[in-house]
Amino acid sequence: MDDLRINGERLWAALMELAQIGATVKGGVKRLALTDLDKQGRDLVVRWGREAGMSITIDQIGNVFMRRDGTDNTLPPVMTGSHIDTQPTGGKFDGNYGVLAGLEVVRTLNDLQIKTRAPIEVAFWTNEEGSRFVPVMMGSGVFCGAFSLETAYAAKDTEGKTVGEELARIGYKGDQVPGDHPIGAYFETHIEQGPVLEDADKVIGVVPAVMGLSWYDCVVTGMEAHAGPTPMGLRKDALQVATVIMQEVVAIANRYPPYGRGTVGMVQVFPNSRNVIPGEVTFSIDLRNVNDELLNTMHGEITAFIDATREKTGLGISLERVSYYPPCPFHPDCVGAVRNATAKLGYSVMDVVSGAGHDAIYAARLAPAGMIFVPCKDGISHNEIEDAKPEHLAAGCNVLLHAMLERAVAV
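Residues numbered from 1 in each chain as written. Predicted model: local features only at pLDDT ≥ 70, side-chain atom pairs only at ≥ 80, totals over all residues. Heavy atoms only, no water.

## Topic: the domain arrangement of the protein
Right, so step 1: For the protein, the assigned domains are domain 1 (8-210 + 327-408) and domain 2 (212-325).
Right, so step 2: If you look at the interface, domain 1 gives 9 residues, while domain 2 gives 10 residues.
Right, so step 3: For the pair domain 1 and domain 2, the summed buried surface comes to about 660 Å²; carbon and sulfur atoms form 61% of the total.
Right, so step 4: Ranking the residues of domain 1 by area buried against domain 2 places Pro327, Val353 and Gly355 at the top, with a combined share of 66%.
Right, so step 5: Run the count over domain 1 and domain 2 and you get 0 salt bridges.
Right, so step 6: Applying the counting criterion to the domain 1 and domain 2 interface returns 1 residue pair in polar contact (both at pLDDT 80 or more). (Domains from an automatic or database assignment. Contact = heavy atoms within 4.5 Å. Buried area = accessible area lost by both parts, 1.4 Å probe. Salt bridge = Lys/Arg side-chain N within 4 Å of Asp/Glu carboxyl O. Polar contact = N/O pair within 3.5 Å; in protein donor to acceptor, adjacent residues only side chain to side chain.)

Below, the structure is given as structure tokens:
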């Protein structure tokens, strides 16, 4: 059993074929959730699953579960999966790799006529990216009860089309109640979407946890005035005060390494005129860290800094936390299975805490879960030039195979 390896060429060929659905001129993929292209991608993957002898179940939010029976089907399945929807300027590997790696595990077991005691399932979850409909990670979120099916169905895109309508239109509004589907353990393979593995020259990232995040909207209100006649000491410049807060966001993250993150990614300046002192600035704040204690400390520091800045400057400053995802530690048994598989296969390895959200976060609320990372070129993802080496993708899939076999037990 230690000598088992997947077919890397077949995995790569499947990734390249799926990438043709929604292919962009720059070599990426645009396959937004619940579009006609998403239907084509879903149909292809489901066909591949059926050809591999798997049965198909679709739930009411459009999550698809492809099942390979075990010798004891009363056991909950050992599941793997990810998503096949992409960003508007997405790549070939984000999400898609996790789904097709699971399919390759099944194909390999079929080739070698290996049976498992527990069933094995490959899932792909609806609207993970959240680029057409919000919230993100919609399918897995509904599945685990993070929000209701009704809330998801009512979500609209920019054209006013709803998730419920679009699921029905493309034929993926299934019958199974989300969550009425047992999971014994869940694994997700993914490109890292960051530069750590490549920088360290490691092949496999063992993921012990996913960072938590707090998102905020901050509004600084001053007063517009003419840029020429108004002396510097008499200005109420909202932008200059906003930039002080922005710098503190970065400073707070740097105070809590190695996993502290602080980002201002969106800024709106009013009236946004060259010779007018800005009267109002609205901007986003994104704080992340690996555990609740650190994230709460960072929250307290940005709140206190804004209170002090408001008192010092006399300007109006509001801060609203608009989203919070708690840190997600993965189960020691699944993390251990990934470590065992990596050691058995002899790949170079390091721990990598994920800074991005994944469906595994929601699956972990219902069952033991773990993740496997492989490098991506220059750490670039959510970009048409996203790239990964075939040998790294094969290595991650080999680790997935052995980790799943440890949980499903070959017989």
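## So, the pattern of salt bridges
It is possible for side chains of opposite charge to pair when their charged atoms get near one another.
Right, so step 1: The final tally for this structure, using the stated rule, is 21 salt bridges.
Right, so step 2: Measuring nitrogen to oxygen at the nearest pair gives 2.6 Å for the salt bridge that ties Asp36 to Arg169. One end of the pair, Asp36, is in helix α2 (residues 36-51); the other, Arg169, is in helix α6 (residues 163-170), and 133 residues separate them in sequence.
Right, so step 3: When its relative accessible area of 46% is taken as the criterion, Asp36 is described as partly exposed.
Right, so step 4: Between Arg255 and Glu248 there is a salt bridge, with the nearest N and O atoms lying 2.9 Å from each other.
Right, so step 5: Taking relative accessible area as the criterion, Arg255 reaches 41% and is therefore assigned partly exposed.
Right, so step 6: Residues participating in the shared-partner salt-bridge network are Asp36, Arg132, Asp157, Glu166 and Arg169. (Helix = DSSP H or I, 4+ residues; strand = E, 2+ residues; numbered from the N terminus. Buried < 20%, exposed > 50% of the residue type's maximum accessible area, 1.4 Å probe, protein only.)

## Observations regarding the UniProt feature "binding site: Zn(2+) 1" (unreviewed entry) in the protein
Right, so step 1: Taking the numbering used here, the UniProt-annotated feature "binding site: Zn(2+) 1" (unreviewed entry) corresponds to His83, Asp94 and His190. In three dimensions, the annotated residues from a span of 108 residues occupy one location, with a maximal C-alpha spread of 10.3 Å. Within this annotated set, the largest pocket is lined by His83, Asp94 and His190.
Right, so step 2: Counting through the fold element by element, His83 comes out in the loop between β3 (78-82) and α3 (96-111). (UniProt positions renumbered as here; feature names shortened; annotations may be inferred. 1 Å grid on protein atoms, 1.4 Å probe; cavity = no way out; pocket = protein on both sides within 12 Å on 5 of 7 lines; lining within 4 Å.)

## Notes on the pairing of strand β17 (residues 369-374)
Right, so step 1: Within β17, 6 of the 6 residues are buried, leaving the element largely enclosed by the surrounding structure.
Right, so step 2: Burial of β17 is two-sided: the residues Ala369, Met371 and Phe373 facing one way and the residues Gly370, Ile372 and Val374 facing the other way are all buried.
Right, so step 3: As judged from the 3 bridges shared by strand β6 (residues 204-207) and β17, these two strands associate in the antiparallel manner. Paired with Val207 across the strands is Met371, a residue of β17. (Pairing = 2+ DSSP bridges.)

## A few points about the layout of surface pockets
Right, so step 1: If you add up the space inside the largest pocket, you get close to 940 Å³.
Right, so step 2: Lining the largest pocket are 42 residues, and of these Arg288, Ser354, Gly355, Ala356 and Gly357 lie nearest its centre.
Right, so step 3: When contributions to the lining of the largest pocket are tallied by element, the ones reaching two or more residues are β8 (212-221), β10 (261-263), β13 (280-289), β15 (328-329) and β16 (349-351).
Right, so step 4: Here the residues of the lining of the largest pocket are counted per class, giving 21 nonpolar, 12 polar and 9 charged.
Right, so step 5: In terms of domain composition, the lining of the largest pocket takes at least three residues from each of domain 1 (8-210 + 327-408) and domain 2 (212-325).
Right, so step 6: Empty space within the second largest pocket amounts to approximately 220 Å³.
Right, so step 7: Along the walls of the second largest pocket sit Met232, Gly233, Arg235, Lys236, Asp237, Gln240, Val241, Val244, Thr309, Lys312, Thr313 and Leu315, which together make up its complete lining.
Right, so step 8: For the lining of the second largest pocket, the secondary-structure elements that each account for two or more residues are α8 (238-255) and α9 (292-313). (Points joined across faces, edges and corners; volume = space filled by probe spheres on them. Nonpolar A, V, L, I, M, F, W, Y, C, P; charged D, E, K, R; others polar.)

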